[in-house]
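Working through the structure, step by step
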Amino acid sequence: MKHRIAVTVNGKEREAEVEPRLLLVHFLRDNLGLTGTHIGCDTSQCGACTIHLDGKAVKSCTLFAVQAQGHELKTIEGLAAPDGELHPIQQAFWDEHGLQCGYCTPGFIMAAAYLLDQNPSPSEDDIKKGLEGNLCRCTGYVNIIKAVQTASRTMSGAAQAQPAASGA
Amino acid sequence: MAISTMIGAKIHRREDPRLVRGSGRYVDDLSLTNCAYLQVVRSPFAHARITHIDSDAARRAAGVLAVYTAQDFVEVISGAMPVAPAFVAEKKTVPDRRPIAAEETSYQGEPVAVVVAATRYQAADAAQLVSVDYEPLPAVMDLEAAIQEGSPKAHLDLPDNLAWDLTYADDTQRSFSEAEVVVKQRILQQRLVPMAMEPRVIMAEWRQADGNMTLWLSSQNPHFIRLFVGGALGIPESRFRVISPDVGGGFGSKISPYPEDYLVPAAARLLGQPVKWTETRTENIQATTHGRGQVFDVELAGRRDGTMLGMRVTQYLDCGAYVGTFGAFQACACLLPGQGYKFQQIASRTVGVLTNRVPTDPYRGAGRPESTHLCERMVDIFAAEIGVDPVEVRRKNFIQPDEFPYTNNFGLTYDSGNYEGTLNRALELAGYERFRQEQEAARKEGRLLGIGVSTWIEICGFGPSAATAPATGGLALTESSHVRVFPTGSVSVYTGTHSHGQGHETTFAQLVADTLGVPYDSIDIHHGDTAEGPAFGYGTYGSRSLAVGGMSILKAAQKVREKARKIAAHMLEAADEDVIFDQGHFAVKGSPDKRKTFAEVAFAAYGMGLPEDMELGLEAVAYFDPPNFVWPFGAHICAVEVDPATGSVELLKYVAVDDCGTVINPMIVEGQLHGGIAQGIAQALFEEVVYDSEGTLKTGTLLDYSLPTIAEMPKLTLDSTVTPSPTNELGVKGIGEAGTIASSAAVINAICDALSPLGLKHIDMPASPDRLWQQITERQGKGVSSGDGATQPPAPATSGELATGAAGGSTAAEPQHGGTSEAPLPGSEGEGGGLWGTGGEAPPPHEAGPQLGNNQEGNS
């Protein structure tokens, strides 16, 4: 028995018929072809599948696609500006060497985006608390912390220069 | 463009824009029309006889296309999976490994059937319907018991469980008889899961019409997979293409071929449509190779003035149910137990033991973290025994800068080094002397502060063909590359190495930019597709990519440059020898205005009027066979505070000063160190694979296996020295494994230092809060006085007297397998912990061997 769902993904209306048990992450990857959201575990530990649901970071392996009915989703593919310019967090991960194999990176960036939305100037401890639901095996997290700090500075600088654009 | 400065420059990675956008292409991101999905049915038992498989219900399930068991693959997969002789040529008992079990399963997670269905979910559903009848058999889990006569066997038809027993050297007579002190310790290396964040994924497409197979898989060395799997499937390399696109980490676990590497393409062939398999994390922890899983019995002999004279080392290595393709490589720990110190004599012996666990194979460092850990622990135990600062013991015994090249006790030649240089810098950065003062003050307040030093050396850059061909079964580890210059001057480079986080696309482009003098942006680096580039590539592992692969690129680029110079001379109507290459131009000596750009020459190379004896084109292939390994080194220092109330460890400071010779991109080098150090810290404090006595994995998910999060990692202070390698023209060494090699010993040495007032001399890994808390409360409860190891129950294995009694004998060389549990192997006195027990201290009863599989459940 399939269910019809309608969701907004990265600003686009998407409709589909899905099995009730279909995980949201499989819906994004297999049905919509948004393969930037990754799967790194099967117990909701790793956070590689982190996306935004109505602006809030969620692990898309922990939701069914039907639970997203009527909600607004944003994945890593929807983070950069329409003209292709990298989001400041993406830019900061690049600048600070905050990634190596890149597999966990979209999840970290989406989790960091939510963190900075909630707390534009996090302390190092705040960053650690905000990102401890995401696992990375390559970086030792050193440059991920730096990247979030750099993004925080860039974004608050941009916010001051252009108050209308504040709010991550 | 500042051409001459690309080597050594912090260039941001060109891989990153696609990866931060989510535009990377990992295998599971790829799809093919009509692709089916495969699910593996795995044995829930560590050891069992398969009496019957009923797959009728599964075959009838929705969407199911096929269910295959071992007999279905007989005709399409031939032979056993490969086992490289590696460092242990004298194998004794090596069970044949087939990709799928037929009559007997020998580890939990071994494939017994595969289900192929139209969707992932249908395949998973139907796999539940495959009914397998098993007759459980005794599981071989304890190494000590496994090598005793009469032990159950890991496979029913084996003569014994001894995969190998090899003594590299056994003479320590002189050094031990001269010794004033002998210390002795059993040191465990718990099993670890490499845990690349991307699990293994495979997709296969078979084209019946022309007999071509394409395999996409997450691998560190696609060429080797093509060789092994193509051979087993009877498909020539010319028609077998293996593609490893973006790969989400490897750490050694994606080197060897796996059962699924054979089963997925075989299923695609049987079925006549593409097939994909995506490993779950649970499968990854259960069925992807583990690392470490070793026990070392070590004795160190020296003088009271701090001179170290001799060492005896026996390694017991848990091979698992099969000998991993490169599993025996881990025996290299026995060739480097002396590390960067001068020893008169070292005896070493390695014993490989078959058990009913998933096989072990290389994991970041593979044998080298083990050798550093055992040596650095022993140096500290020795220093404590003679009452000398551990730093002074190291200084007294280091190989000195003017003694290179230095040939070690096993005939390996260290190329260059300044070991004391990195140590001195690390001590300065760590504020060692000041910390010692703080520590003294803190101890008076009952606080447990400690500082640990770990100096390391590494053999890497595999490797010279003369050394590696015998170790890999005839196929030498060299490296190949193909540099192609297009008519308009842009450059494509194909390398046989594989990048899965190391940033080769950036580093190698930097190297080529300097060599050819062309803009960095005009160069593209390609890897991971066996249909492109030279005939064979050798992959990435063992910190080899730059020292071997980079050198190959340099050689190919130099060939191109030399040909371009000749073409330029012809164009400039000058003699060959009068034309020089200077920053992307070819100019006539003494007439700098007579010059041609590289792009002009490239265009001419494809035109007309070349010198008479010259072929058209501007491209070259090179294979580089290094004359020696390379030998990076460094010094790490960790400072900790242990909370006596909880046993938790706070990492106060972590300093690393490393030397990997010439650096191409310092940002990438630092990144490699960060990740490596994190993995070593994780081994020291958090991670361990736990099986119960029946062979059931107790740490089968990320809920139970403690991978460190961002909250657990300390700040790192890094610095470096540069001692170029004389082994290659670039002067480079390797850095991919360095952090992991050095860090576990630094952390454990710091913890042991912190707990030394309680009389603790050694702690095994992971030094988890519960384990430390047990040690602290037990020792505090018994009122053990500071520093007097001899009064502690039971007699510590670190006692000089105990070990001196054995001096002159050669415990490391004599077979000790005949003992019973009442007569344990050397070093295992006390607390019937068996080989996986904790030897040198008094472990709490429940701790007697949890992490590595004594007959007790672990403290997961």
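Parameters and conventions
Residues numbered from 1 in each chain as written. Chains lettered and ligands numbered in written order. Predicted model: local features only at pLDDT ≥ 70, side-chain atom pairs only at ≥ 80, totals over all residues. Heavy atoms only, no water. UniProt positions renumbered as here; feature names shortened; annotations may be inferred. Helix = DSSP H or I, 4+ residues; strand = E, 2+ residues; numbered from the N terminus. Rg over C-alpha atoms; globule rule 2.2 N^0.38 Å. Contact = heavy atoms within 4.5 Å. Areas by Shrake-Rupley, 256 points an atom, 1.4 Å probe, with all protein chains shown as cover. Lys, Arg positive; Asp, Glu negative; His and termini not counted. Charge placed at Lys NZ, Arg CZ, Asp CG, Glu CD. Core = buried A, V, L, I, M, F, W, Y, C linked by side-chain atoms within 4.5 Å. Buried < 20%, exposed > 50% of the residue type's maximum accessible area, 1.4 Å probe, protein only. Phe/Tyr/Trp six-rings, centres within 6.5 Å; stacked < 30°, edge-to-face > 60°. Salt bridge = Lys/Arg side-chain N within 4 Å of Asp/Glu carboxyl O. Disulfide = S-S within 2.5 Å. Axes fitted to C-alpha atoms, helices over the stretch in contact; angles between N-to-C directions. Parallel < 35°, antiparallel > 145°, perpendicular 65-115°, else oblique. Left-handed = near helix turned anticlockwise from the far one by under 90°. Nonpolar A, V, L, I, M, F, W, Y, C, P; charged D, E, K, R; others polar. Pairing = 2+ DSSP bridges.

Where an unreviewed UniProt entry is consulted, chain B appears under the name Molybdopterin-dependent oxidoreductase, with the organism given as Candidatus Dormiibacter inghamiae.

Chain A is annotated in an unreviewed UniProt entry as (2Fe-2S)-binding protein of Candidatus Dormiibacter inghamiae. Among the UniProt annotations of chain A, the heading Pathway (unreviewed entry) holds the following wording: "Alkaloid degradation; nicotine degradation."

This paragraph deals with the overall build of chain B. Across its full length, chain B carries 21 helices and 28 strands. Whereas a compact globule of 860 residues would reach a radius of gyration of roughly 29 Å, chain B reaches 28 Å, a difference of no more than 12%. Across chain B, every contact between residues at least 6 apart in sequence was considered, and the portion connecting residues at least 24 apart equals 80%. When the accessible surface of chain B is split by element, carbon and sulfur atoms take 50% of a total near 27,300 Å². Separation between the mean location of the 68 positive side-chain charges and that of the 104 negative ones in chain B comes to 3 Å.

To continue, consider the nonpolar core. For soluble globular proteins, the rule of thumb is that nonpolar side chains tend to be buried together. Counting 113 residues, the largest nonpolar core has L38(B), F73(B), I77(B), L233(B), M311(B) and Y414(B) as the members making the most contacts within it. Setting aside residues no more than four positions away along its own chain, M311(B) makes contact with T172(B), F176(B), V298(B), E299(B), L300(B), P337(B), F343(B), Q345(B), I346(B), A347(B), L374(B) and C375(B). Core analysis: the second largest hydrophobic core is formed by 95 residues, L99(A), A321(B), L685(B) and L760(B) among them.

Once that is clear, we can look at the packing of aromatic side chains. Residue and element names in this part refer to chain B. Evaluated as defined, the whole model comprises 21 aromatic pairs over all chains. Geometrically, the ring pair formed by F45 and Y134 is edge-to-face, given 5.3 Å between the ring centres and 65° between the ring planes. Of this pair, F45 sits in the loop between β1 (36-42) and β2 (48-54) while Y134 is found in strand β6 (residues 131-136), placing the two residues 89 residues apart along the sequence. F45 sits in the partly exposed class, given a relative accessible area of 31%.

According to the stated counting rule, one finds 48 salt bridges over all chains in the structure shown. Its salt-bridge partner being E737(B), residue R368(B) comes within 2.8 Å of it at the nearest N-O pair. Of this pair, R368(B) sits in helix α10 (residues 368-386) while E737(B) sits in the loop between β28 (717-720) and α19 (738-754), and the two are 369 residues apart along the sequence. The exposure class assigned to R368(B) is buried, which follows from its relative accessible area of 1%. The residue E729(B) makes a salt bridge to K555(B) at a minimum N-O spacing of 3.2 Å. Of this pair, E729(B) sits in the loop between β28 and α19 while K555(B) is found in helix α16 (residues 545-571), placing the two residues 174 residues apart along the sequence. When its relative accessible area of 30% is taken as the criterion, K555(B) is described as partly exposed. Beyond isolated ion pairs, a larger network of salt bridges with shared partners links R29(A), D30(A), D28(B), D29(B), R120(B) and K276(B).

For the coordinates displayed, the defined rule picks out 0 disulfides over all chains. As a non-bridged cysteine, C332(B) has C334(B) as the owner of its nearest cysteine sulfur, 8.6 Å distant.

The packing of two helices is summarised by the inter-axis angle and the distance between the axes. All names here are of chain A. Running from amino to carboxyl end, helix α3 (residues 105-118) crosses helix α4 (residues 124-131) at an angle of 125°, the nearest separation of the two axes being 10 Å. As the angle between them shows, α3 and α4 are arranged oblique. Every pair of crossing elements has a handedness; the one defined by α3 and α4 is right-handed. Residue-level contacts link F108, A111, A112 and L115 of α3 to D126, I127, G130 and L131 of α4. When grouped by side-chain class, the residues that make up the contact of α3 with α4 number 6 nonpolar, 1 polar and 1 charged.

Residue and element names in this part refer to chain B. Counting through the fold element by element, S106 comes out in the loop between β4 (104-105) and β5 (111-117). Exposure remark for S106: the relative accessible area of 0% places this residue in the buried category. Those residues in contact with S106, other than ones at most four positions away along the chain, are A46, H47, A154, H155, A321, Y322, T355, N356 and R357.

Once that is clear, we can look at the sheet that holds strand β26 (residues 633-642) of chain B. Residue and element names in this part refer to chain B. Reading across the sheet, the 4 strands line up as β18-β26-β27-β28 and stay open at both edges, with mixed pairing between neighbours. This sheet does not close on itself; its edge strands, each paired only once, are β18 (448-457) and β28. With direction set aside, neighbouring strand axes in the sheet form an average angle of 10°. Inspection of the sheet shows β26 paired to strand β27 (residues 649-659) by 10 bridges, in the antiparallel sense. Of the residues in β27, the one forming a bridge with E641 is E650.

Counting buried residues in helix α1 (residues 24-31) of chain A gives 6 out of 8 residues, a clear majority hidden from the surface. Among the residues making up α1(A), those that are buried are L24(A), V25(A), H26(A), F27(A), L28(A) and R29(A). As for α1(A), its buried residues are in contact with β1 (3-9), β2 (12-18), β3 (50-53) and β5 (72-74) of chain A together with α4 (120-127) of chain B. Phi turns positive, to about 70°, at G33(A), one or two residues after α1(A).

Residue and element names in this part refer to chain B. Spatial strand order, β4-β2-β6: 3 strands in an open sheet with antiparallel pairing. A strand with exactly one partner marks an edge of an open sheet, and here the two such strands are β4 and β6. Alignment of β2 against β4, held across 2 bridges, turns out to be antiparallel. Note that in β4 the partner of A48 across the bridge is T105.

In this section: the packing of α10(B) against α19(B). All names here are of chain B. Taken N-terminus to C-terminus, the directions of α10 and α19 make an angle of 30°; their axes are 8 Å apart at the nearest point. With respect to α19, the element α10 is oriented roughly parallel. Along this stretch, α10 crosses α19, giving a crossing that reads as right-handed. Residues R368, P369, T372, H373, E376, R377 and D380 of α10 lie in contact with α19, whose contacting residues are T740, I741, A742, S744, A745, I748, N749 and C752. Here the contact of α10 with α19 is built from residues that sort into 6 nonpolar, 5 polar and 4 charged.

With that out of the way, let us pick up the pairing of strand β23 (residues 585-588) of chain B. Residues and elements named next belong to chain B. One ladder, built from 4 bridges, connects strand β22 (residues 579-582) with β23; its direction is antiparallel. Considered in β23, the bridge of V579 is made with V588. From the end of β22 to the start of β23, which pair antiparallel, there are 2 residues, and Q583 there has a positive phi angle of about 50°. Bridging between β23 and strand β24 (residues 591-597) involves 4 bridges; their strand directions are antiparallel. Counterpart to H585 in the pairing with β24 is T597. Following β23, the chain reverses through 2 residues before pairing antiparallel with β24; G590 in that reversal takes a positive phi of roughly 80°.

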